[in-house]
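# Geometric and topological summary
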Amino acid sequence: MLESYVTPLLMSYVNKYIKNLKPSDLQLSLWGGDVVLSKLDLKLDVLEQELKLPFTFMSGHIHELRIHVPWTKLGSEPVVITINTMECILKLRDGDQDDHESGSSSTSRSVSESSKAAGKPRRVQQAAPSDPDLPPGYVQSLIRRVVNNVNVLVNNLILKYVEDDIVLSVNITSAECYTVDDVWERAFMDVTAPELVLRKVINFSDCTVCLDKRNASGKIEFYQDPLLYKCSFRTRLHFTYDNINSKIPSVIKIQTMVDSLKLSITDQQLPMFIRILQLIIALYYGEIGGHKEPEREESSSHVREALTNLPGMDMDIENQGPSQYSSQEFYMDSGLPSDSNQGWVSWAWSFVPAIVSSEEDEDGLYQQRETGGVPNNPQHHTPKDPIVSIGFYCTKASVTFKLTESQAESSYYSPQKVKSREVLGLEQEGITLEVLMKGEPFFNCQIGFVGCKALCLKGIMGVQDFEENMNRPEEDAVFFSCGDSLSSKGMTYLTNSLFDYRSPENNGVRAEFILDSVTHKGTYTEIAGMQRFGAFHLDYLYTMENSSSKDSQDFSAVHSEEVLPAVEEASMKRLVVGPLDVKLHSSAVHRILKMVTCAMDHEYEPYCKPQQEIVEESCGPVTPEEISRLEEFIPTRLTCLTLLQASITVCMAEFNLLHMLMPVIIGGKAKPGLVNISAFQPVRPLPSVQFQVERVNVEHSVPMYAQELVSAVSALSQPPDNLLHHCYAHFYLKIFGFQAGLTCQDSAGGFSPLLPVIPSFSTAIYGKTIQIPACWSKRSSVLTTECILELPHFTLQATRAQTHLLQAIWQSWTHGMLNGTPSPLSESLINEVYKAPVCTHFDALLRAADNLMNASWSHNHVCTAFCTASSEENLRPRNASSIMTDLQRLCSLINGNASVCQYHLLRLHGPLFTGGG
């Protein structure tokens, strides 16, 4: 009977994660077709062991669990699992608990492992004998079809994380997972030839994220605005199999799409939000949670053996070699053993088989039932790593920063109310985050933005600069813009995703992935990144190749061989920022610094304190074989930054309250007392200093295993130049077309042409710093630092009026902190500065006229060309008499007739001659 096969499968999951269940009652309910369980407690220890996260479950409850099994239509209708109101509370696992568990629970760990191993035979004993009327092939295909079409619906999912005074809660109204067809519509599907594809969809409705602060008693005095309010998004899952009997997909593609993402952060939430980000970074680098590799007596990293085999070195993010555990342990278990010292790569990768190996466990269970033993399948023990592609896409996103202020109520006993006020906004368009990995040897992450801008909202610190009654245009509010808009760029950020109708998966074609560094670098170039995004493109690539056979990406043999082959690791981060324009006026600067002061208003201890540099003596002399191996390849970590067409404008301060903000930022206290702030009056024309650069290239490279490399090379009496070169951190900076000058913003928001104070020039800077300086303390011949500057030409030019204007701009920003008074800005000074280019342009026109005369042009043609050029250059002569003076200079130069020039000047500059002259 089918019940004898499906019932144990469903019961195994329910018994595994839920406490205090009677298998007999559950089995009878399942045979009836519907199961309703209420007020269930989750097995928290099992969840912790399965997830392998550095968190502890404080509680876990399910209000109601429903399971519907359509026994009569099991081959055409899905099994539906519905969970109503599921709540879990987590906290960070503290170090004392880790030490206690690692030091005193070895026995319990062995007991849990033995019970875990004994659990599988127990599941076999509970199963009924196989029915002779149902062939094994039919049973397996039916079970696979049932599992592939299970529908899971979760209503009201609540997740909470608590740490110190932080309470982070995630509430999802509804989450549903179901199987779909080739056009992503709900359907009852199975993996069939020739496509061999399974598609699923997960829809999340009304996701709300709250971040609140609790007091010493653990209560939340007042609730902040939600970080994210009722956001819905959808996820598409695409599994590709090599053949119909494959246990694990060869390609796994999981991608999420959000149409609109609106985040809101208050000044009290900002420190807590940064704390959460620091937690994520600490987990990423393995600094907390037991996933850092502190001291390893027996190193499993091949590069470590390729260096000096020195123990006790910490591994960083890219430092992970192939796992010391076999592929069988990877895929037969839900994760690596709890006592393993693993890095983030293997830790994160252990979740992949846990997600996709359920089908394998089920088929293995029934193979054992039908054969009476463990299946002897070589592929079952040594499966190949699947290709995993994870993506996140967002059409439009916005982040709003708010300042809160308390409101006093009329009654003394009334609860405290808080009102928030928007001050700063950040808007992005076309956001892409893609991750591609194949086991541990290949990992790639790409992040891109099509467009981005930041703008001021309402008033700041009592200054009503962007209130509604000011009626200021949006152009004045935007102080940062980068990239293009979606209207001009299109949907390029969705290229080759599951949400792109042109992608291979949506056209019945198997997708191809780039899994080698050479092809990757040639494909994802700077030009390609800017064509797809336009504002921002980050490409992080980590590869680990077998030096003996670089063309082969299969590392399955590495785990089984006793002699580990040498591998070549490389890490590269490339960041390209497109054309950007930054305007730093008073409104923008004060908002940015106010957010900085709010972010610093906390007393949180860092997750990982910087450790002092420890110098370890080498275990012995370095052999020639080790030196030759080092000279062949040394793993490095390279970071490249490219900035294209950047313009930064610093305007004269229209109001200055930096004396209230800067003391807090530099670690002091703000000056007491209230500050009277006058009404905001925009200054027009507004003098500004502008910096322009055509291109900036920055490169930074460091050895991936600095401690081991330096320990080996510093032990040599005469280290080779190549090895000594890699013991340094190298820094390259190249600047092309940099210039700075004065400009002026008019009442319409536009800026006048740049008056160069520093004409365009290019420069290059190279610097290097020795790694682990303590190892070189006895080697005086080795340079500690070196810096080289290449500057072909540099010019600084300014008139007296320009110098006074630069001083006035500087004093407008510093007078509050220096107890000085800003210099008054006179209109005559502005007129003198911004009319200076007239003479410069006129001299250029005179030289052009001289060249035209040398080319045998007629006087009439020269005068016409001069007058036309003067109009195109937008010259602004003071009056008609000055034009006549310039005209006489031209005529004396070319010995021509002034009447011809007068005619053309009157035609082109007629309004200047109105009223005489």
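Everything below is about the structure printed above this text.
This write-up is about the structure you can find in this document. (Residues numbered from 1 in each chain as written. Predicted model: local features only at pLDDT ≥ 70, side-chain atom pairs only at ≥ 80, totals over all residues. Heavy atoms only, no water.)

### Section: the overall build of the protein chain
Definition in use: Only runs of H or I of at least four residues qualify as helices and only runs of E of at least two qualify as strands under DSSP, and these elements are numbered from the N terminus. Only protein chains enter the accessibility calculation, which uses a 1.4 Å probe; a residue is then buried when its area is under 20% of its type maximum, exposed when over 50%, and partly exposed in between. Contacts are assigned to residue pairs that have any heavy atoms within 4.5 Å of one another. Using the Shrake-Rupley algorithm and a 1.4 Å probe, accessible areas are obtained, with residue cover drawn only from the displayed protein chains.
In terms of regular secondary structure, the protein chain is built from 29 helices and 20 strands. When the 917 residues of the protein chain are sorted by exposure, 47% land in the buried category. Across the protein chain, every contact between residues at least 6 apart in sequence was considered, and the portion connecting residues at least 24 apart equals 75%. When the accessible surface of the protein chain is totalled, it reaches about 46,500 Å², and 55% of it is carbon and sulfur.

### A word on the pattern of salt bridges
The line we're drawing: Here, a salt bridge means any Lys or Arg side-chain nitrogen found within 4 Å of an Asp or Glu carboxyl oxygen.
Counted according to the given criterion, the structure contains 29 salt bridges. Here Arg-234 and Asp-259 are joined by a salt bridge, their closest N and O atoms 3.6 Å apart. With Arg-234 in strand E7 (residues 228-240) and Asp-259 in strand E8 (residues 251-266), this residue pair connects regions lying 25 residues apart in the sequence. The exposure class assigned to Arg-234 is partly exposed, which follows from its relative accessible area of 30%. When its relative accessible area of 45% is taken as the criterion, Asp-259 is described as partly exposed. Between Lys-396 and Glu-429 there is a salt bridge, with its nearest N and O atoms 4.0 Å apart. With Lys-396 in strand E9 (residues 387-407) and Glu-429 in strand E10 (residues 417-438), this residue pair connects regions lying 33 residues apart in the sequence. Residues joined in a network through salt bridges with shared partners are Arg-472, Asp-476, Glu-654 and Arg-684.

### Looking at the environment of Ile-447
Checked against the element boundaries, Ile-447 lands in strand E11 (residues 442-456). With 90 residues separating them along the chain, Ile-447 and His-537 place their C-alpha atoms 5.7 Å apart. Once you skip the residues sitting within four places of it in the chain, Ile-447 turns out to touch Thr-432, Leu-433, Phe-536, His-537 and Leu-538.

### Some words on the packing of aromatic side chains
The cut-off we apply is this: In this scheme Phe, Tyr and Trp rings, the latter by its six-membered ring, pair at centre separations within 6.5 Å, and the angle between planes marks the pair as stacked below 30 degrees, edge-to-face above 60, and tilted otherwise. Sitting over a ring, as applied to charges here, requires NZ of Lys or CZ of Arg to be within 6 Å of the ring centre and within 35 degrees of the ring normal.
In the structure shown here, the tally under the stated rule is 9 aromatic pairs. Ring geometry for Tyr-732 and Tyr-766: centres 4.9 Å apart, planes at 40°, overall tilted. Of the two residues, Tyr-732 sits in strand E18 (residues 728-745) while Tyr-766 sits in strand E19 (residues 755-770), which places them 34 residues apart along the sequence. A network of ring pairs unites the aromatic residues Phe-691, Phe-738, Phe-761 and Phe-794 as a single cluster. Above the plane of the ring of Tyr-178 lies Arg-186, whose end atom (NZ or CZ) is 3.9 Å from the centre. Residue placement shows Arg-472 over the ring face of Phe-466; its charged tip is 4.3 Å from the ring centre.

### What about helix H7 (residues 269-284)?
Note the cut-off: A helix is expected to span 1.5 Å for every residue after the first.
In this model H7 runs 23 Å from its N-terminal to its C-terminal C-alpha over 16 residues, within 8% of the 22 Å that 1.5 Å per residue would give. Along H7, the residues that are buried comprise Gln-269, Leu-270, Pro-271, Met-272, Arg-275, Ile-276, Leu-279, Ala-282 and Leu-283. One or two positions beyond H7, positive phi appears at Gly-286, with a value near 70°.

### A few points about the pairing of E7
Threshold: Pairing between strands is defined by DSSP: at least two bridges between the two strands are required.
In this sheet, E7 lies alongside strand E6 (residues 197-213) in antiparallel orientation, the contact comprising 10 bridges. Paired with Val-201 across the bridge in E7 is Arg-236. Across 8 bridges, the pairing between E7 and E8 is antiparallel. When the bridges of E8 are listed, Thr-240 appears paired with Val-251.

### Here's the deal with the pairing of E18
Along any regular strand the residues' side chains alternate between the sheet's two faces. As paired strands, strand E17 (residues 686-703) and E18 are joined by 14 bridges and run antiparallel to one another. Across the sheet, residue Leu-686 finds its bridge partner in E18, namely Gln-745. Bridge count between E18 and E19: 12 bridges; the pairing is antiparallel. From the neighbouring strand, Ala-740 faces E19, where its bridge partner is Ile-758.

### Focus on unusual backbone geometry
At the junction of Ala-193 and Pro-194, the peptide bond is cis and its omega measures out at 0° in the coordinates. Considering the arrangement of structural elements, one finds Pro-194 in the loop between strand E5 (166-180) and E6. At Asn-156, a residue that is not glycine, the phi angle is positive and equals roughly 65°. As for its placement among the helices and strands, Asn-156 is situated in strand E4 (residues 151-163). Given the relative accessible area of 27%, Asn-156 is considered partly exposed.

### So, helix H21 (residues 658-665)
Within the sequence span of H21, burial applies to Leu-658, His-659, Leu-661 and Pro-663. Immediately beyond the C-terminal end of H21, within one or two residues, lies Gly-667, with a positive phi of roughly 105°.

### Description of the side chain of Glu-467
Counted only if it meets this: Polar contacts, as used here, are pairs of N or O atoms within 3.5 Å; protein pairs need one atom able to donate a hydrogen and one able to accept it. Residues neighboring in sequence count only if both atoms are side-chain atoms.
Following the sequence through the fold, Glu-467 ends up in the loop between E11 and helix H14 (474-477). Among the polar contacts listed, one links the side chain of Glu-467 to the backbone nitrogen of Gly-459, at a separation of 3.2 Å. When residues no more than four places from it in sequence are discounted, the contact partners of Glu-467 are Arg-421, Lys-458 and Gly-459.

### Looking at the nonpolar core
For clarity, the cut-off: We define the nonpolar core as a collection of buried residues of types Ala, Val, Leu, Ile, Met, Phe, Trp, Tyr and Cys that are connected through side-chain atoms lying within 4.5 Å of one another.
In this structure, Leu-30, Leu-42, Leu-65, Ile-67, Val-69 and Leu-279 are the most contacted members of the largest nonpolar core, which totals 105 residues. With residues up to four places along the chain from it excluded, the contact list for Ile-67 reads Leu-10, Val-14, Leu-30, Gly-33, Asp-34, Val-35, Val-79, Val-80 and Ile-81. Core analysis: the second largest hydrophobic core is formed by 18 residues, Ile-627, Ile-634, Leu-724 and Tyr-728 among them.

### Quick notes on the environment of Ser-406
You can see Ser-406 is positioned in strand E9. Residue Ser-406 is classed as exposed on the basis of its relative accessible area of 51%. C-alpha separation for the pair Ser-406 and Lys-419, spaced 13 residues apart in sequence, amounts to 6.3 Å.

### Concerning a nonpolar patch on the surface
To be explicit about the condition: Patches draw on residues past 30% relative accessible area with no salt bridge. Two like charges within 9 Å are joined, as are two nonpolar side chains (Val, Leu, Ile, Met, Phe, Trp, Tyr) within 5 Å.
Taken together, the side chains of Leu-789, Leu-791, Phe-794 and Leu-796 define a hydrophobic patch exposed on the protein surface, amounting to about 420 Å² of accessible area. Look at Leu-796 and you get exposed, because its relative accessible area is 61%.

### Considering the packing of H7 against helix H19 (residues 586-599)
Put simply, the rule reads: Throughout, an axis means a line fitted to C-alpha atoms (over the contacting stretch in the case of helices), and angles, computed between N-to-C directions, take values from 0 to 180 degrees. Any angle that is under 35 degrees is reported as roughly parallel, and any over 145 degrees as roughly antiparallel; angles of 65 to 115 degrees are reported as roughly perpendicular and all others as oblique. Left-handed is the label given to a crossing in which the near helix is rotated counterclockwise from the far helix by less than a right angle, and right-handed is the label when the rotation is clockwise.
Between H7 and H19, the least distance of the axes is 7 Å, while the angle of their chain directions is 70°. What the angle tells us is that H7 and H19 run roughly perpendicular. When the axes of H7 and H19 are compared, the crossing they make is right-handed. In this structure, H7 uses Leu-270, Pro-271 and Ile-274 to contact H19, whose residues at the interface are Met-595, Cys-598 and Ala-599.

### Examining the state of the cysteines
How we decide: We call a pair of cysteine sulfur atoms a disulfide whenever their separation is within 2.5 Å.
Under the criterion given, the structure shown has 0 disulfides. In this model Cys-231 remains outside any disulfide bridge; the closest cysteine sulfur is found in Cys-207, 6.6 Å from its own. Assessed through its relative accessible area of 5%, Cys-231 is described here as buried. In this model Cys-452 remains outside any disulfide bridge; the closest cysteine sulfur is found in Cys-482, 6.8 Å from its own.

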